[in-house]
Amino acid sequence: MKQHDANLTIRRDFQRLSPELLAAAARLPTATLHEAGKKIGALPSAIKPVAPQFRCAGSALTVHSPGGDNLWLHRALDIAQAGDVMVVFANGAHEHGYWGEIMTTMAQVRGMAGLVIDGCVRDGVLLGEIGFPVFSRGLCIQGTGKDFGAIGWINHPVTMGHVVVNAGDLIVGDADGVVAIPHARAAEVVAAGERREAEEAAILRRLQAGETTLSVYGWH
């Protein structure tokens, strides 16, 4: 059987975001970052945390995987670094469990920040117990293959919904969903998100004092 040389479509290095910026991003809600960036980066709403407490912030390690095959996810795990969030487009083939307990354990040992997959995973209860943040379309017990002749891409752009995600982009996930912010705008959007949170805190104090939303926002 002819095998694809994976090195031809794997980019091993990309510019990652600083730990300080990731820590600041981790403190902000995904909706705030989406709004602060002027309504950018919202990944498909079907992608949600496997366990409600899951939250992640990291640099995107992108994977375009053949449908129903998780070999390229294993290859991405092999080159992942601490703080990476693996972002996987599974070629539109959602009904497979691409990820489970074994891969989660390896990702956690490598210090990865999370997984975001436009597809399903399995071992949901165990993933919640392990605590490594996984965001997916849901759970599916149907297995995957490993076709060594199939072509995939690592750290090339992937499209999820209407959003193009590049390696190194800021990825933040929480109970509401996942947002992707371009690397070049990450610092700007995080700073705008911090200002937005402070402004909303002030608005909440005014509402708690008895004002109305119409008066606060000047919508009379």
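Going by the structure above, here's the rest.
Residues numbered from 1 in each chain as written. Predicted model: local features only at pLDDT ≥ 70, side-chain atom pairs only at ≥ 80, totals over all residues. Heavy atoms only, no water.

Here the focus is the overall build of the protein chain. Summing up its helical and strand segments, the protein chain has seven helices and twelve strands in all. For the protein chain, whose C-alpha radius of gyration is 19 Å, the value lies close to the compact-globule estimate of 17 Å for 220 residues. Each principal axis of the C-alpha distribution contributes one length, and for the protein chain these read about 70 × 35 × 30 Å. Pairs at least 24 apart in sequence give 77% of the contacts found in the protein chain among residues at least 6 apart. Total accessible area computed for the protein chain in this model is approximately 10500 Å², and 55% of it derives from carbon and sulfur atoms. Charge centroids of the protein chain, computed over 19 positive and 22 negative side chains, lie 4 Å from each other. (Helix = DSSP H or I, 4+ residues; strand = E, 2+ residues; numbered from the N terminus. Rg over C-alpha atoms; globule rule 2.2 N^0.38 Å. Contact = heavy atoms within 4.5 Å. Areas by Shrake-Rupley, 256 points an atom, 1.4 Å probe, with all protein chains shown as cover. Lys, Arg positive; Asp, Glu negative; His and termini not counted. Charge placed at Lys NZ, Arg CZ, Asp CG, Glu CD.)

This brings us to the pattern of salt bridges. A full pass over the atoms with the stated rule returns seven salt bridges. For Asp118, the salt bridge is made with Arg137, and the minimal N-O distance between the two is 2.3 Å. Remark: Arg137 occurs in the loop between strand E6 (134–136) and strand E7 (138–139) and Asp118 occurs in strand E4 (residues 114–118); sequence separation between them is 19 residues. Notably, a salt bridge pairs Glu211 with Arg206, separated by 2.9 Å at the nearest N-O pair. (Salt bridge = Lys/Arg side-chain N within 4 Å of Asp/Glu carboxyl O.)

Take the nonpolar core next. Core analysis: the largest hydrophobic core is formed by 45 residues, its most contacted members being Met86, Trp99 and Val116. Setting aside its immediate chain neighbours within four residues, Met86 contacts Leu61, Val63, Leu73, Ala76, Leu77, Trp99, Met112, Gly114, Leu115 and Val116. (Core = buried A, V, L, I, M, F, W, Y, C linked by side-chain atoms within 4.5 Å. Buried < 20%, exposed > 50% of the residue type's maximum accessible area, 1.4 Å probe, protein only.)

With that out of the way, let us pick up the packing of aromatic side chains. Counted according to the given criterion, the structure contains two aromatic pairs. Considering the side-chain rings of Trp99 and Phe132, the 6.3 Å spacing of their centres and the 15° angle between planes classify their relative orientation as stacked. Pair noted here: Trp99 is in the loop between strand E3 (84–89) and helix H4 (101–109) and Phe132 is in the loop between helix H5 (124–130) and E6, with a separation of 33 residues, a long-range link. By the burial criterion, Trp99 is buried, and Phe132 matches it. With centroids separated by 4.6 Å and ring planes inclined at 15°, the aromatic side chains of Tyr217 and Trp219 adopt a geometry described as stacked. Judged by relative accessible area, Tyr217 falls into the partly exposed class, the value being 41%. Just above the ring of Phe14 sits the side chain of Arg16; from NZ or CZ to the centre is 4.0 Å. Positioned over the ring face of Trp72 is Arg75, at 4.6 Å from the centre of the ring. (Phe/Tyr/Trp six-rings, centres within 6.5 Å; stacked < 30°, edge-to-face > 60°. Lys NZ or Arg CZ within 6 Å of the ring centre and 35° of its normal.)

Let us now look at the side chain of Arg75. Here Arg75 lies in helix H3 (residues 71–79). Although Arg75 is buried, it makes no salt bridge; Asp69 carries the closest opposite charge, 7.1 Å away. Among residues more than four places away in sequence, those in contact with Arg75 are Ala6, Phe148 and Ile154.

Glancing now at the pairing of strand E11 (residues 170–174). Of all the five residues making up E11, five are buried; the element is thus mostly covered by neighbouring parts of the structure. The alternating pattern of E11 places Leu170, Val172 and Asp174 on one face and Ile171 and Gly173 on the opposite face, and all of these are buried. Here strand E2 (residues 56–64) pairs with E11 via four bridges, running antiparallel. The residue bridging Ala57 from the neighbouring strand is Val172, located in E11. Here E11 runs beside strand E12 (residues 177–181); their pairing, made up of five bridges, is antiparallel. (Pairing = 2+ DSSP bridges.)

Moving on, we get to the environment of Thr30. As for its placement among the helices and strands, Thr30 is situated in helix H2 (residues 30–36). The exposure class of Thr30 is buried, given its relative accessible area of 5%. Along the primary structure Thr30 and Ala57 are separated by 27 residues, whereas in three dimensions their C-alpha atoms are 9.9 Å apart. Ignoring any residue separated from it by four or fewer positions in sequence, one finds Thr30 in contact with Val172, Gly173, Asp174, Asp176, Gly177 and Val179. In terms of polar contacts, Thr30 uses its side chain to reach the side chain of Asp174, at 2.8 Å. (Polar contact = N/O pair within 3.5 Å; in protein donor to acceptor, adjacent residues only side chain to side chain.)

Let's shift gears to a nonpolar patch on the surface. Taken together, the side chains of Leu214, Tyr217 and Trp219 make up a nonpolar region of the molecular surface, amounting to roughly 340 Å² of accessible area. Mapped onto the elements, Tyr217 comes out in helix H7 (residues 213–217). (Patch = residues over 30% accessible without salt bridge, like charges linked within 9 Å, V, L, I, M, F, W, Y side chains within 5 Å.)

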